[in-house]
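Coordinates in review
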Amino acid sequence: MRRTLLAGLAAGAAGTTALDAVSYLDMLQRARPASTTPEETARRAEDALHLSLSAEGPDSDAAANRRTALGALLGIAAGLATGVAYGLVRPHLGRVPLAALMAGAGLVANVGTTGPMVLLGVTDPRTWSTSSWLSDFFPHLAYGVATAGSFELMWRPPARRRAGFTPRSGARAVARACRSVVRTA
């Protein structure tokens, strides 16, 4: 279980990096500004929890800078948490096609980041333009591809046991035992 959790965490980190890269490429291509929704989400959470990010007040530069950092960190946390969840769930899914796993990971990441924004009243996806939907869709698709793809490369399902001994199965058993010894050394 620890191996799948760590693989999920690493896969979530890869997915988060891919999501950020696609977002920044979109910003570069279209010369669009960064989204302010993460900072606004941090501000709404700050208000709801009656917290202050700066002794200078909620409208100070220090508070605004901390909101920017907090918004980014919440996005990273959501990406890592989604990767860990993927690592916990994936071993129980059997032979699901990789494309479906990728789409599912991207969808969960999208809901995990957009959901709190909707709950706090920061955004309403029903009012988004096509451009806004695409700006949200492609980074989360990249997240799903990188997360599921990375996890699948790091994790392998338990080998099926074959009945009877053959020279090939014996060689495999010896190779597995050697790998196990090397890993524990």
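Residues numbered from 1 in each chain as written. Predicted model: local features only at pLDDT ≥ 70, side-chain atom pairs only at ≥ 80, totals over all residues. Heavy atoms only, no water.

An unreviewed UniProt entry annotates the chain as DUF1440 domain-containing protein originating from Pseudonocardia yunnanensis.

Moving on: the overall build of the chain. When helices and strands are tallied, the chain shows 6 helices and 0 strands. Going from N to C terminus, the chain has its helices and strands arranged as α-α-α-α-α-α. Burial status across the chain gives 30% buried among its 185 residues. Put simply, of all contacts in the chain between residues at least 6 apart along the chain, 75% involve residues at least 24 apart. Surface exposure of the chain reaches about 12,100 Å², of which carbon and sulfur atoms provide 66%. (Helix = DSSP H or I, 4+ residues; strand = E, 2+ residues; numbered from the N terminus. Buried < 20%, exposed > 50% of the residue type's maximum accessible area, 1.4 Å probe, protein only. Contact = heavy atoms within 4.5 Å. Areas by Shrake-Rupley, 256 points an atom, 1.4 Å probe, with all protein chains shown as cover.)

Closest axis-to-axis distance for the helix α1 (residues 2–30)/helix α3 (residues 61–89) pair is 7 Å, and the angle between their directions is 140 degrees. Judged by the angle between their axes, α1 and α3 are oblique. Crossing of α1 against α3: the hand is right-handed. For the pair α1 and α3, contact is made by T4, L5, G8, L9, G12, A13 and T16 and by I76, G79, L80, G83, V84, G87 and L88, respectively. (Axes fitted to C-alpha atoms, helices over the stretch in contact; angles between N-to-C directions. Parallel < 35°, antiparallel > 145°, perpendicular 65-115°, else oblique. Left-handed = near helix turned anticlockwise from the far one by under 90°.)

Turning our attention to the nonpolar core. Membership of the largest hydrophobic core is limited to 9 residues, which are A7, A11, Y86, L101, M102, A105, A148, F151 and W155. Listing elements by their share of this core, those giving two or more residues are α1, α4 (98–119) and α5 (130–154). (Core = buried A, V, L, I, M, F, W, Y, C linked by side-chain atoms within 4.5 Å.)

Among the surface-exposed residues, L134, F137, F138, L141 and V145 lie close enough to one another that they form a single nonpolar patch of about 430 Å² accessible area. Here F137 shows up in helix α5. What makes F137 partly exposed here is its relative accessible area of 44%. (Patch = residues over 30% accessible without salt bridge, like charges linked within 9 Å, V, L, I, M, F, W, Y side chains within 5 Å. Salt bridge = Lys/Arg side-chain N within 4 Å of Asp/Glu carboxyl O.)

A few words now on helix α2 (residues 37–48). Taking 1.5 Å of rise per residue, the 12 residues of α2 would be expected to cover 16 Å, and the 16 Å separating its terminal C-alpha atoms lies within 8% of that figure. When we look at burial in α2, the residues that qualify are T41, A42 and E46. One side of α2 carries all its buried residues, which in axial view fall inside an arc of 140 degrees. Those residues of α2 that are buried lie in contact with α3 and α4. One or two positions beyond α2, positive phi appears at H50, with a value near 55 degrees. (Expected span 1.5 Å × (residues − 1). Arc of directions from axis to C-beta.)

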